[in-house]
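Coordinates in review
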Amino acid sequence: MRVSGSWQRAARGAMLLGSDGALSPTIFAEMSALAVKTGAINLGQGFPDEDGPVEVLDAAKRAIDAGLNQYPPGIGMPVLREAIASHQARFYGLTPDPDTEVLVTVGATEALAATILALTDQGDEVVTFEPFYDSYAAMIALSGAEHRTVALRAPDFQPDLDELRRSVTDRTRLILINNPHNPTGTVLSRETLALIVELAHRHDAIIVSDEVYEHLTFGVSHTPIASLPGALDRTVTISSGGKTFNTTGWKIGWLTAPQQILQAILAVKQFLTFVGGAPFQPAIAAGLELPDSYFRGIALDLAHKRDVLSAGLRAAGFTVSEPRGSYFVVADAAALGFSDAAAFCRQLPDLAGVVAVPISAFVSDENKGEYASLVRFAFCKRVEVLERASAQLASL
């Protein structure tokens, strides 16, 4: 299949097109299909294998039974917008107006797409960290903007602040960050966040902060960049309920932003999906109102799963980073004699009955060599699954 025009730019941005212009599947689709074909344990795709809290699931059932099955308001149901505003105040001391500064979206992915398309023009630049979530590059390419990156390097995956300073210029329209970070699991330091705010002011850029893993941090607290001095008036904060409540298939996301910026994003969002997930919106609202013990508990549970898988990877011979957040751990296969992680991941189902994803899938073509032997494993699975995967990886 061939594509053209803006969609071809987006596909190239996401590295989906071959040199002949043919559309090819993402590495994530390829690895998941390989897991199905071989029966391997899928630690490649970041979705939990356990249901979310019963309070959230039951709220969705009640909403369906109550007839909340038609189009919700374009900006989202009031019950969810109010819950999002209350959540921001409760955890971070932020006070967005639920009527003018909160927008419900079809997952964080749509929030990102609408934001990038609304706020950039051809010739603008968008700065992200690298590795980056694959949809960032696709949406930047679709918008016609130019994508500039700042490397996150092992072992701690923190940026070089001088490189960050050099990368943000007067052409920079957006500084797009993901914190906690997928795929590396790093949590950006306060010094880094403060510099981003400083650079955004200096170059009149807007900060876009993808915080979908905000409640999944280990031994460190999450600091929304919007809470830093001088950030709020130029920051779009994006999150979702999928990671926090094990409901990735519901695709209920949101963003908070100053009213003028939000209205520009809404103007684009209404022509993407218009609305979505009516009965799931009050359910996610119920989740956001759960007690603090729930949010502490999910982080502790996931930290234990991280430790189980990390120990298994080290025992198998990998060099393993220590993620401070997210669903993912990065392991270096070079210690096992594999310099090409993409080739290694394609062999891994046969070698050990496990599927993972190469970090090169999150990297621009010109920088793949720097991350060539690194592999991302997802630990958002049941402990018994992680233990079985660890035992199988020991065969390496």
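So, how was this worked out
Residues numbered from 1 in each chain as written. Predicted model: local features only at pLDDT ≥ 70, side-chain atom pairs only at ≥ 80, totals over all residues. Heavy atoms only, no water. UniProt positions renumbered as here; feature names shortened; annotations may be inferred. Pairing = 2+ DSSP bridges. Helix = DSSP H or I, 4+ residues; strand = E, 2+ residues; numbered from the N terminus. Axes fitted to C-alpha atoms, helices over the stretch in contact; angles between N-to-C directions. Parallel < 35°, antiparallel > 145°, perpendicular 65-115°, else oblique. Left-handed = near helix turned anticlockwise from the far one by under 90°. Contact = heavy atoms within 4.5 Å. Nonpolar A, V, L, I, M, F, W, Y, C, P; charged D, E, K, R; others polar. Right-handed = clockwise from strand over helix to strand, strands pointing away. Buried < 20%, exposed > 50% of the residue type's maximum accessible area, 1.4 Å probe, protein only. Arc of directions from axis to C-beta. Polar contact = N/O pair within 3.5 Å; in protein donor to acceptor, adjacent residues only side chain to side chain. Core = buried A, V, L, I, M, F, W, Y, C linked by side-chain atoms within 4.5 Å. Salt bridge = Lys/Arg side-chain N within 4 Å of Asp/Glu carboxyl O.

By the naming in an unreviewed UniProt entry, the chain goes by Aminotransferase class I/II-fold pyridoxal phosphate-dependent enzyme and is assigned to Lacisediminihabitans changchengi. Turning to the chain, the UniProt record has this under Cofactor (unreviewed entry): "pyridoxal 5'-phosphate".

What about the sheet that holds strand β4 (residues 146–151)?
Think of a sheet as strands paired side by side through backbone hydrogen bonds, with each pair either parallel or antiparallel. Taken in spatial order, the 7 strands of this open sheet run β2-β8-β7-β6-β5-β3-β4, and their pairing is mixed. Every interior strand has two partners, whereas the edge strands, β2 (102–106) and β4, have only one. Going across the sheet, the axis of each strand differs from the next one's by a mean of 25°, ignoring polarity. Sheet topology note: the strand β7 (residues 235–240)/strand β8 (residues 252–256) ladder contains 4 bridges and is antiparallel. From the neighbouring strand, serine 239 faces β8, where its bridge partner is tryptophan 254.

Quick look at unusual backbone geometry
The residue after glutamate 130, namely proline 131, is reached through a cis peptide bond having omega 10°. Checked against the element boundaries, proline 131 lands in the loop between β3 (125–130) and α6 (134–143). Cis geometry marks the peptide bond from asparagine 179 to proline 180; its omega dihedral reads -5°. Structurally, proline 180 can be placed in the loop between β5 (172–178) and α8 (190–203).

Quick word on the packing of helix α2 (residues 27–38) against helix α12 (residues 341–352)
For the pair α2 and α12, interaxial distance at closest approach is 10 Å and the crossing angle is 15°. What the angle tells us is that α2 and α12 run roughly parallel. Seen along the crossing, α2 lies across α12 with a hand that is right-handed. Seen from α2, the contacting residues are Ile27, Glu30, Met31, Leu34 and Thr38; seen from α12, they are Cys345, Arg346 and Pro349. When its residues are assigned to classes, the contact of α2 with α12 shows 5 nonpolar, 1 polar and 2 charged.

Here we look at the pairing of β4
Bridge analysis of β3 against β4 gives 6 bridges, and the strand direction is parallel. Across the sheet, the residue bridging to valine 126 is histidine 147, located in β4. Tracing the backbone out of β3, into α6 and back to the parallel element β4 gives a crossover that is right-handed.

Comments concerning α12
Within α12, burial applies to Ala341, Ala342, Phe344, Cys345, Leu348, Pro349 and Ala352. Buried residues along α12 cover an arc of 150° about the axis, so they all sit on one side. Buried residues along α12 sit against α2, β11 (354–355), β12 (357–358), β13 (374–378) and α13 (383–393). Of the residues flanking the start of α12, the one acting as N-cap is aspartate 340, its side-chain oxygen 3.0 Å from the backbone nitrogen of alanine 342.

With respect to the UniProt feature "domain: Aminotransferase class I/classII large" (unreviewed entry) in the chain
UniProt annotation of "domain: Aminotransferase class I/classII large" (unreviewed entry) refers to residues 40–379 when read in the numbering used here. As annotated, residues 40–379 has a helix share of 38% and a strand share of 17%, and its two end C-alpha atoms lie 15 Å apart.

Comments concerning the nonpolar core
Judged by nonpolar contacts, the single largest core of 123 residues is most densely connected at Leu164, Val236, Leu255, Leu313, Phe318, Phe377 and Leu393. Sequence-distant contacts of leucine 255, defined by excluding residues within four places in its chain, comprise Glu101, Val102, Leu103, Ala111, Thr115, Val236, Thr237, Ile238, Leu262 and Ile265.

Thoughts on the pattern of salt bridges
Under the definition given, this model contains 20 salt bridges. Glutamate 125 is the salt-bridge partner of arginine 171, the closest N and O atoms lying 3.3 Å from each other. In this pair, arginine 171 is assigned in the loop between α7 (161–167) and β5 and glutamate 125 in strand β3, connecting sequence segments 46 residues apart. Aspartate 204 is paired through a salt bridge with arginine 234; the nearest N and O atoms lie 3.5 Å apart. Remark: arginine 234 occurs in the loop between β6 (206–210) and β7 and aspartate 204 occurs in the loop between α8 and β6; sequence separation between them is 30 residues. The class for aspartate 204 is exposed, based on a relative accessible area of 52%. Members of the salt-bridge network, linked through shared partners, are Glu125, Glu146, Arg148 and Arg171.

A closer look at the side chain of histidine 181
Here histidine 181 is to be found in the loop between β5 and α8. Polar side-chain contacts of histidine 181 include one of 2.9 Å to the backbone oxygen of proline 131. Residue contacts for histidine 181: discarding those within four places in its chain leaves Pro131, Leu152, Thr186 and Ser326.

What about the side chain of serine 321?
Mapped onto the elements of the fold, serine 321 is located in the loop between β9 (319–320) and β10 (328–332). Filtering out sequence-adjacent residues up to four positions away, serine 321 remains in contact with Pro155, Phe157, Thr184, Arg314, Val329 and Val330.

What to know about the sheet that holds β12
Across the sheet, 4 strands lie side by side as β9-β10-β13-β12; this open sheet has antiparallel pairing. Because the sheet does not close on itself, it has two edges, and the strands there are β9 and β12. As paired strands, β12 and β13 are joined by 2 bridges and run antiparallel to one another. Note on β13: the bridge partner recorded for proline 358 is valine 375. In the packing of α12 onto the sheet, the strands contacted are β12 and β13, and the crossing angle to β13 comes to about 45°.

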